[in-house]
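# Remarks on the overall topology
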2 protein chains.
Amino acid sequence: MSIAVTILGASSAKPTADRHPSAQAVNVNEQYYLMDAGEGVQQRLVRAGINPLKLRAVFISHLHGDHVYGLLPLLSTLGLYGKRTPLPIYAPRPFGEILEAHMRFFDTALPYEPQWHEVDTTAHRIVFENDTLEVWSLPLRHRVPTAGYLFREKEPALNVSKYAIERYGLTVAQIVAAKRGEDLTAADGETIPNSLVTYRPYRPVAYAYCSDTNYSARLARMVEGVDLLYHEATYAAAERRTARERGHSTTADAATVALKAGAGRLLIGHFSTRYKDLESLVQESRAIFPATDIAREGETFTVTEQRHDKI
Amino acid sequence: MSIAVTILGASSAKPTADRHPSAQAVNVNEQYYLMDAGEGVQQRLVRAGINPLKLRAVFISHLHGDHVYGLLPLLSTLGLYGKRTPLPIYAPRPFGEILEAHMRFFDTALPYEPQWHEVDTTAHRIVFENDTLEVWSLPLRHRVPTAGYLFREKEPALNVSKYAIERYGLTVAQIVAAKRGEDLTAADGETIPNSLVTYRPYRPVAYAYCSDTNYSARLARMVEGVDLLYHEATYAAAERRTARERGHSTTADAATVALKAGAGRLLIGHFSTRYKDLESLVQESRAIFPATDIAREGETFTVTEQRHDKI
């Protein structure tokens, strides 16, 4: 199991000739999820070799144009592509009204249903889940209601070790019971604790997307232990005051969250267009949290399971 | 005087990795006008070296997403750029409602006024004019109310030829009268017809933008004598039936309009994404109207005044 994050855009609101607004494709076991949808996202997907029909769900952090202007064109194009299955869209209010007005004004009849699910941006809770994945909302501190999203693989089912099967001469019934987490009873009547015979085949991985937000110590606790953290860094460390006023973070803020959370790796992005030299920005973060990289458009960052080959 | 048309996008609705939806920047004497605004138009402008703040007005042909999705992001960015003067937007109903809903939903306060002017898509009339330019609406035949736009330079003021001034020994008062179009009286009492002493310093040029539309003989009459004609050619000549059904034109339709109008030059675009080989499409048009070119993204097509250097 692994999570691969492809950066489709990581610029802030003012567009430039070669940087695109926020959007990411998150691939969890070949299921694609879209994080935010800045203008041009459908073309960015195609250029990244990701068929938009493969998107399983869309997660929108907040309703500022640079995070959502690309969504309605994408929905329209999915109709032209002949999509038939519903597309869940997780977004704060009033996304439903925006969607409804759009369909009416543009006289659009889609052959599938865009299903809005309201995200409560004040709550840290599961907003989406399937057999192997949970997605949690992360309350962020921005000028309008905003949520980040935490992708967390579920704990895998217990495996029973081959060594234990031989060592204790386990029956099929005992193996099934062990997989359920039960302790076993040996032929001599002794209890065999479950932990002696079972193991998790891998450690699940987690990814958090946090844009746009002020520095938040609470956020650091919510994303504790995350393997990969994307945290906006709109401003250089010296612009702390501007960042605070505008509901954004500095390079130092992002690195501090990563450090406090014990993250494996940090990606920074959403840079103000005032910065031409991104290298100096990443150096500022690295001074606090060395495992920092720039979320460069077109690049894919992968976190892979820690496989436990216990035998 | 001249009109220069920069193709920002000329693809049809389905986006591809390297073709963009409809948008053109029309430069008339260093005044820029935007024709349609497909997704990504603001980035296309920047890439073409055109400062979006230089736009004097926007003309929208119809409210299909591939012609308008880029406008609201552009309006938003103009606010970030600090625009203060109103921006006139010529578009059919219900653009005003779309604009109003957008401002409300996205909680947008712009430092300038986007001024909607409703275009009656059934009328062929002047919708915009200034000292040197008229823009006429062109009723088109599409699935929703649609207008093309005809940019026509105004007739320049009369000049009095140096030859006539000497030949007839004209006084300043006579020269002023001649510039007003009056006939003159010579010293011997003979009438000097105005046409003998005056000339137009140049022949004004005209450009017509026609997308999206079925073939229309009426359109050909409305754009008669145009120097440069952009006419959509969504389909190859063999797909005439599909074109008719979907409110579009073929390569042959576009060329026939250019031929009947006596146009100077034809640009075709809005090609269906089914066509990879655009060269065969332009050959189809050239068989009917030889002076045809593909409206290639990033290219600029210029029509220049015919200067009359009468002395």
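Below or above, wherever it landed, is the structure these notes cover. Quick caveat, the model's predicted, so the values are computed rather than measured.

What follows is about the pairing of strand E8 (residues 133–139) of chain A. Residue and element names in this part refer to chain A. Burial within E8 is extensive, with 6 of its 7 residues counted as buried. Strand direction decides the pairing type here: strand E7 (residues 126–129) and E8, joined by 3 bridges, are antiparallel. Note on E8: the bridge partner recorded for Ile 126 is Trp 136. Bridging between E8 and strand E9 (residues 147–153) involves 7 bridges; their strand directions are antiparallel. Of the residues in E9, the one forming a bridge with Val 135 is Phe 151.

Residue and element names in this part refer to chain A. Relative to the helices and strands, Ser 216 is located in the loop between strand E15 (206–210) and helix H8 (217–222). Judged by relative accessible area, which is 6%, Ser 216 ranks as buried. For Ser 216 and Pro 139, which are 77 residues apart along the polypeptide, the C-alpha to C-alpha distance reads 9.5 Å. Setting aside residues up to four positions removed in sequence, Ser 216 forms contacts with Arg 141 and Val 257. Polar contacts involving the side chain of Ser 216 include one to the main-chain amide nitrogen of Leu 219, which spans 2.9 Å.

Going from Ser211(A) to Asp212(A), the amide bond is cis rather than trans, its omega being 0 degrees. By the secondary structure assignment, Asp212(A) is in the loop between E15 and H8. For the bond from Arg93(B) to Pro94(B), the omega torsion is -5 degrees, close enough to zero to count as cis. Among the structural elements, Pro94(B) can be located in the loop between strand E5 (87–91) and helix H4 (95–105). Even without glycine at this site, Asp36(A) takes up a positive phi of about 60 degrees. Checked against the element boundaries, Asp36(A) lands in strand E3 (residues 31–37). Owing to a relative accessible area of 0%, Asp36(A) belongs among the buried residues under this scheme. Although it is not a glycine, Asn29(B) sits at a positive phi angle of roughly 55 degrees. With respect to the helices, strands and loops of the structure, Asn29(B) is situated in the loop between strand E2 (23–28) and strand E3 (31–37). On the basis of relative accessibility, which here comes to 30%, the residue Asn29(B) falls in the partly exposed class.

Our focus in this paragraph is empty space enclosed by the protein. Inspection of every chain in the model, using the stated rule, returns 1 cavity of 30 Å³ or more. Along the wall of the largest cavity there are 22 residues; nearest its centre are Leu72(A), His102(A), Phe106(A), Leu72(B) and His102(B). Counting only elements with at least two residues in the lining of the largest cavity, the list comes to helix H3 (71–80) and helix H4 (95–105) of chain A together with helix H3 (71–80) and H4 of chain B. The residue makeup of the lining of the largest cavity, split by class, is 20 nonpolar, 2 polar and no charged.

A separate point is the pattern of salt bridges. All names here are of chain B. The full count for this structure, using the stated rule, is 28 salt bridges over all chains. For Arg 180, the salt bridge is made with Glu 182, and the minimal N-O distance between the two is 2.9 Å. On the basis of relative accessible area, Glu 182 is assigned to the partly exposed category, the value being 35%. Across the pair Asp 293 and Arg 286 runs a salt bridge, and its minimum N-O distance is 3.3 Å. Assessed through its relative accessible area of 28%, Arg 286 is described here as partly exposed. In the salt-bridge network here, residues are joined through shared partners; they are Arg 265, Glu 279, Arg 286, Asp 293 and Arg 296.

A few words now on the environment of Tyr69(A). Relative to the assigned elements, Tyr69(A) resides in the loop between helix H2 (65–68) and H3. A relative accessible area of 12% means that Tyr69(A) is categorised as buried. When near neighbours in sequence (up to four residues on either side) are disregarded, Tyr69(A) contacts Ala37(A), Glu39(A), Leu72(B), Pro73(B), Ser76(B), His102(B) and Phe106(B).

Moving on: the packing of aromatic side chains. What describes a pair of aromatic rings is the distance from one ring centre to the other and the angle between the planes of the rings. Going through the model one piece at a time under the given rule, you end up with 18 aromatic pairs over all chains. With a centroid separation of 5.5 Å and an interplanar angle of 70 degrees, the aromatic rings of Tyr33(A) and Phe128(A) are classed as edge-to-face. With Tyr33(A) in strand E3 and Phe128(A) in strand E7, this pair connects stretches of sequence that are 95 residues apart. Phe128(A) gets classed as buried once you look at its relative accessible area, which sits at 13%. For the ring pair Tyr90(B) and Phe128(B), a centre distance of 5.9 Å and an interplane angle of 80 degrees mean the geometry is edge-to-face.

Scoring rules and cut-offs
- Residues numbered from 1 in each chain as written.
- Chains lettered and ligands numbered in written order.
- Predicted model: local features only at pLDDT ≥ 70, side-chain atom pairs only at ≥ 80, totals over all residues.
- Heavy atoms only, no water.
- Buried < 20%, exposed > 50% of the residue type's maximum accessible area, 1.4 Å probe, protein only.
- Helix = DSSP H or I, 4+ residues; strand = E, 2+ residues; numbered from the N terminus.
- Pairing = 2+ DSSP bridges.
- Contact = heavy atoms within 4.5 Å.
- Polar contact = N/O pair within 3.5 Å; in protein donor to acceptor, adjacent residues only side chain to side chain.
- 1 Å grid on protein atoms, 1.4 Å probe; cavity = no way out; pocket = protein on both sides within 12 Å on 5 of 7 lines; lining within 4 Å.
- Points joined across faces, edges and corners; volume = space filled by probe spheres on them.
- Nonpolar A, V, L, I, M, F, W, Y, C, P; charged D, E, K, R; others polar.
- Salt bridge = Lys/Arg side-chain N within 4 Å of Asp/Glu carboxyl O.
- Phe/Tyr/Trp six-rings, centres within 6.5 Å; stacked < 30°, edge-to-face > 60°.

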